[in-house]
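# Fold and geometry: a report
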Amino acid sequence: MRLIPGLSGFFLTLLRKMLYLWVRTDVMGASREALELDPNKPVCYVLQYSSLSSRLVLEQEVRRAGLPPANRPLPVHNGPDRSFFFLYHRTGGLFRPRQTPVTTARMREYVRLCQQDPTLDVQVVPVSLFWGRSPDKAKSLIKMILSDTWSVAGRLQKFLIILVHGRNTYVQFSRPLSLSAVIDEYRDSEEKAERKLARILRTHFRRVRQAVLGPDLSHRRTLVEGLVRTPAVKDAIRETARKDDIPPEKVRIKARKYADEIAASMSIATIRFLEVLLSRLWNRIYNGIAVNNIQVAQDVAQDNAVVYVPCHRSHIDYLLLSYVLYRNGLMPPHIAAGINLNMPIVGPILRRGGAFFMRRSFKDNPLYSTVFNEYMHVMFTRGYSVEYFVEGGRSRTGRMLQPRPGMLAMTVRSFLRDHHKPIVFIPVYIGYEKVMEGRSYLGELRGKKKQKESIFSLVRTLRRLRSSFGRVAVNFGEAIPLAGLLDEVHPSWRQEAYDQDYRPAWLNQAVDTLATEVATRINASVAVNPIGMTATVLLSTERLSMDEGQLSRLMDQFAELLRAFPYASTVTLPEGHGKDWIDYCEGMGLVNRQHQKLGDIIALEGNNAILMTYYRNNIQHLFALPSLIACLFENNASLAREKVVFLASVVYPYLQSELFLKYQADQAEQVVDQWLDVLVAQGLLRVDGNRLCRPEEGTDAMLRLRVLSRFIIQTLERYHIAIAILRKHGSGKISAAELEEQSTLLAERMAILFGLNAPEFFDKSLFRNFIANLQKNEVITTDANGQLCYSEGLDEVAEDARLVLNVEKRQAIQQVTMLGA
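Everything numeric here is computed off the predicted structure, so don't read it as measured data. (Residues numbered from 1 in each chain as written. Predicted model: local features only at pLDDT ≥ 70, side-chain atom pairs only at ≥ 80, totals over all residues. Heavy atoms only, no water.)

### Some details on empty space enclosed by the protein
Evaluation of the coordinates by the stated rule reveals 9 cavities of 30 Å³ or more. Residue lining of the largest cavity: 20 residues in total, with Gly214, Pro215, Met331, Gly383 and Ser385 positioned closest to the centre. Its residues placed into classes, the lining of the largest cavity shows 14 nonpolar, 6 polar and no charged. (1 Å grid on protein atoms, 1.4 Å probe; cavity = no way out; pocket = protein on both sides within 12 Å on 5 of 7 lines; lining within 4 Å. Points joined across faces, edges and corners; volume = space filled by probe spheres on them. Nonpolar A, V, L, I, M, F, W, Y, C, P; charged D, E, K, R; others polar.)

Below, the structure is given as structure tokens:
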């Protein structure tokens, strides 16, 4: 519909109200705060293509948001009669061929106005409007007719588009451009200034479209057939046929089956259905979803193939992230899901929601491996966003698991083959106040076999949906451009030639670096919540209970500690105060209140005592360094500042590897020194010359320091167990596998003897990681027979444990070690 001149305000208002009897909009960025408008400068809006319906939508959404009106003259001398303009309008008529769109006269009027008055600056707000949010399907005639991707739609076509897609209209307001800054370079040339403004706006609208709609979707059948015809899969078919003595045609059929098993079949209709369904589900089971720092994803998605790499805490993760992205104007990603989820009913829905399925292991099946690698390569080269979990499986302890390199390696190798489309990783932290699978995790940590996913297990899960699971936080971390990371690892990577089989010698280093960076930035985006704070403090007490007033004060003080030295700008802290958090936890059924005349007691009882370790572990890394410093004063009234910095720096690399701390090892001394200043300022330590002293016994400050030390003490005890066993056997007498096994068994025994409610205390993978880091730091070495050898340096480390562990724990470790021997 071409804009009709001379329409009265009354008639436009009538048309707008008629249009909105049918149209429903989802609007992003329509607020003065989001747009960061300068109240002292005039505002105008720009839409990409001339259309009466687009104008009506713009005017309605501006009115709703309370923004400067679009249908009034620009508030400047001799300004245009409307505070908006279209970038392009259609040429040709109803019976004349349509020509290439041309820039509008009103856009040129705005350029001329600013050129004539150098003191005038107009804030130009780009507004992107999408009738429906469905990506194009290649070679689909109906989609071509009804898709809102034509440069300028004809009247009949526009009417059909609104009729079909009007109830799913998306409008995005973007931050304004300074018109004066854009044209300043060409004040003496109106034509060049117009071309520059048009180019900038055209690029902006293209980038927004890429982020909102993503690239065109291929038909699934076309994609599957295309995979089988790629050179890499053809070579794999020939090799498999030769090796297994099978006719090539049978192998080709098998390859096609593999591709069909893997490939997603994303359907925008399914995504819309899931959006409605999940909106109701979230409202039922959650008290809200907090989304933080999503601007990172919105900016990156405009020009790059995005890989979302969230932590994996629950099966809800798949649905929640796609929902959040779609609700915030981004195309949901293709999601790597385990083949175990490809069950009846659920599998087809997930596949249409963007899931592609992968087997747990396929190293012994080169044909499947090749098909899967080629599928991933197609995803990246076409610019689709992808999501996968670097941890492999869900964390049962609440900690970030050691990343698995498989999917990361595929991504890096694909990028090396074709790096025309930049790939950027976006870490995402998903934090639950009450994880849905919490009770089943408890069973698995106690040795119960993991239940296989099935329709019946899904039905059992649905019964839990009557409960409240608190709030959820989705925090987006700092982006990781893959090209920049490769530049750091191997600066000359662009000069090398790659194919699907080439694995450069430096590939493993690049993948390991990427894996560590992803895990570290996920942890740097953690959402601290009332459950985590309460768990952290209560689990540091011997009886898992504390006076309510004291607990409230300690939580406030430890939250203030995090504010005094922020871990990262992407970390979010809870609102309210300690008293509010206790009441909240009680309402969630996670703590018990025991009434007492001198003051109520808040306690952890039964399964909650173990379950709360999960939520403590979510945020443990934030307190790692101050807690480590506090541990050094557990058995020492004072220490030289240099000694504190040295000892903390020695332990730091092991904590860094286990907890994915963001500071590099060579930064440890500086960061420890900064923490010492914070602890002194907070009254937890005091300065006496060149020595640091702990507070007096019986004071509130000493209580805080002692509680703080217990946040990390179990990790240090675990390290000491491994070292004690190694020293007991002697150098060259025990292998790494044997040390790992014995350490796990003895840690489990100590957990029972001391009543430790911490399943990760005897987690075999943590011992394996610690032993590997001892080898990496050359504290221990492996001889020709695979036995671990060490020097006197290990004895010095063991002696330093006296500064941290109390006598009772040291003797207990020694006794248990003797028992194990």
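### A look at the sheet that holds strand E21 (residues 691–693)
With respect to topology, 3 strands assemble into an open sheet ordered E19-E21-E20, the strand pairing being antiparallel. Looking at the sheet topology across the chains shown, the edges are occupied by strand E19 (638–640) and strand E20 (686–688). Ignoring which end each strand starts from, the neighbouring axes of this sheet average 30° apart. As defined by bridge partners, E19 adjoins E21 across 3 bridges and the pair is classed as antiparallel. Paired with Ser638 across the two strands is Cys693, which belongs to E21. Of the strands in this sheet, E19 and E21 are in contact with helix H27 (residues 641–659), which crosses E19 at around 85°. (Pairing = 2+ DSSP bridges. Helix = DSSP H or I, 4+ residues; strand = E, 2+ residues; numbered from the N terminus. Axes fitted to C-alpha atoms, helices over the stretch in contact; angles between N-to-C directions. Contact = heavy atoms within 4.5 Å.)

### Concerning helix H23 (residues 548–564)
The terminal C-alpha atoms of H23 lie 24 Å apart, and with 17 residues this matches the ideal 24 Å at 1.5 Å per residue to within 8%. Listed as buried for H23 are Glu548, Leu551, Ser552, Leu554, Met555, Phe558, Ala559, Leu561 and Leu562. The N-terminus of H23 is capped by Asp547, whose side-chain oxygen sits 3.0 Å from the backbone nitrogen of Gly549. (Expected span 1.5 Å × (residues − 1). Buried < 20%, exposed > 50% of the residue type's maximum accessible area, 1.4 Å probe, protein only. Polar contact = N/O pair within 3.5 Å; in protein donor to acceptor, adjacent residues only side chain to side chain.)

### Focus on the pairing of strand E5 (residues 123–131)
In regular strands, side chains alternate between the two faces of the sheet. In terms of burial, E5 is largely enclosed, as 9 of its 9 residues are buried. Neither face of E5 is open: one carries Gln123, Val125, Val127, Leu129 and Trp131, the other Val124, Pro126, Ser128 and Phe130, and all of them are buried. As paired strands, strand E2 (residues 43–49) and E5 are joined by 4 bridges and run parallel to one another. Residue Val46 lies in a different strand from E5, and its bridge partner there is Pro126. Pairing geometry for E5 and strand E7 (residues 177–178), over 2 bridges, is antiparallel.

### Topic: the pattern of salt bridges
What the rule picks out here adds up to 41 salt bridges. For the salt bridge of Arg521 with Glu478, the shortest nitrogen-to-oxygen distance reads 3.8 Å. A residue pair is termed long-range when its members are at least 10 positions apart, and Arg521 in helix H21 (residues 507–523) and Glu478 in the loop between strand E14 (472–476) and strand E15 (480–481) qualify at 43 residues. Given a relative accessible area of 52%, Glu478 falls into the exposed group. A single network of salt bridges, built from pairs that share partners, joins Glu548, Lys579, Asp583, Glu586, Arg593 and Asp600. (Salt bridge = Lys/Arg side-chain N within 4 Å of Asp/Glu carboxyl O.)

### As for the environment of Thr534
Mapped onto the secondary structure, Thr534 falls in helix H22 (residues 530–538). Those residues in contact with Thr534 that lie beyond four places of it in its chain are Met555, Trp581, Cys585, Val591 and Met612.

### Describing the packing of aromatic side chains
Working definition: an aromatic ring pair is given by the centre-to-centre distance plus the angle between the planes. Scanning the entire structure with this criterion turns up 25 aromatic pairs. With centroids separated by 4.9 Å and ring planes inclined at 50°, the aromatic side chains of Phe565 and Trp675 adopt a geometry described as tilted. Taken together, the residues Phe565 in the loop between H23 and helix H24 (578–587) and Trp675 in helix H28 (residues 668–681) connect sequence positions 110 residues apart. For Phe565, a relative accessible area of 15% translates into the label buried. Of the residues examined, Trp675 reaches a relative accessible area of 5% and is grouped as buried. Through pairs of rings, three or more aromatic residues link up here, namely Tyr258, Phe356, Phe362, Tyr368, Phe372 and Tyr375. When the ring centre of Trp22 is taken as reference, the NZ or CZ atom of Arg167 above it lies at 4.8 Å. The lysine or arginine in question, Lys662, covers the ring of Tyr567, its NZ or CZ lying 5.6 Å from the ring centre. (Phe/Tyr/Trp six-rings, centres within 6.5 Å; stacked < 30°, edge-to-face > 60°. Lys NZ or Arg CZ within 6 Å of the ring centre and 35° of its normal.)

### Concerning the confidence of the model for the chain
Predicted confidence across the chain gives a mean pLDDT of 88, with 91% of residues reaching 70 or more. Averaged over each element, pLDDT in the chain is lowest for helix H5 (residues 141–146) (47) and highest for E15 (98). Between residues 138–145, whose pLDDT stays under 50, and residues either more than four places distant or in other chains, the model counts 10 contacts. (pLDDT = per-residue confidence, 0-100.)

### A look at the sheet that holds strand E18 (residues 601–603)
Ordered by their spatial adjacency, 3 strands build an open sheet running E16-E18-E17, and the pairing between neighbours is antiparallel. Where the open sheet ends on each side, the last strands, each with one partner, are strand E16 (545–547) and strand E17 (592–594). Strand-to-strand twist across the sheet, computed as the mean angle between neighbouring axes with direction ignored, equals 25°. Of the pairings in the sheet, the one linking E16 to E18 comprises 3 bridges and is antiparallel in character. The residue of E18 that forms the bridge with Met546 is Ile602.

### Digging into the environment of Cys114
Tracing the backbone through its elements, the reader meets Cys114 in helix H4 (residues 105–116). Residue Cys114 is classed as buried on the basis of its relative accessible area of 0%. Each C-alpha atom, one on Cys114 and one on Leu179, is 7.5 Å from the other, the two residues being 65 residues apart in sequence. In contact with Cys114, other than residues within four places in its own chain, are Leu120, Val122, Leu179, Ile183 and Arg187.

### Some remarks on a nonpolar patch on the surface
A contiguous nonpolar patch, built from Phe10, Phe11, Leu14, Met18 and Leu21 and spanning about 560 Å² of accessible area, is present on the exposed surface. With respect to the helices, strands and loops of the structure, Phe10 is situated in helix H1 (residues 9–19). (Patch = residues over 30% accessible without salt bridge, like charges linked within 9 Å, V, L, I, M, F, W, Y side chains within 5 Å. Areas by Shrake-Rupley, 256 points an atom, 1.4 Å probe, with all protein chains shown as cover.)

### What about the nonpolar core?
In this structure, Tyr308, Phe356, Phe372, Tyr388, Phe425, Phe476 and Phe558 are the most contacted members of the largest nonpolar core, which totals 206 residues. Look past the residues within four positions of Tyr388 in its chain and what remains in contact with it is Val307, Tyr308, Val309, Pro310, Ala336, Met376, Met407, Leu408, Thr411 and Phe425. Counting residues in hydrophobic clusters, the runner-up holds 28 residues, among them Tyr20, Leu67, Ile162 and Val171. (Core = buried A, V, L, I, M, F, W, Y, C linked by side-chain atoms within 4.5 Å.)

### Let's talk about unusual backbone geometry
A positive phi angle is found at Asn78, which is not glycine, with a value near 60°. Relative to the elements of secondary structure, Asn78 occurs in the loop between helix H3 (52–65) and strand E3 (84–89). Of note in the backbone geometry, Ile345 takes a positive phi value of approximately 70° without being a glycine. Relative to the assigned elements, Ile345 resides in the loop between strand E10 (334–338) and helix H15 (346–352). Residue Ile345 is classed as exposed on the basis of its relative accessible area of 61%.

### A few points about the pairing of strand E13 (residues 423–432)
Among the 10 residues of E13, 10 are classified as buried, and the element is accordingly described as predominantly covered. What you see with E13 is no split at all: Ile423, Phe425, Pro427, Tyr429 and Gly431 on one side and Val424, Ile426, Val428, Ile430 and Tyr432 on the other are buried throughout. Bridge analysis of strand E9 (residues 305–310) against E13 gives 6 bridges, and the strand direction is parallel. Bridge pairing in E13 places Val309 opposite Pro427. Two elements, E13 and E15, share 2 bridges in a ladder whose sense is antiparallel. Bridge pairing links Val424 to Pro481 in E15. Two strands pair when backbone bridges link them, and E13 and E14 are joined in this way by 5 bridges, in the antiparallel orientation. Looking at the pairing, Ile430 lines up with Val474 of E14.

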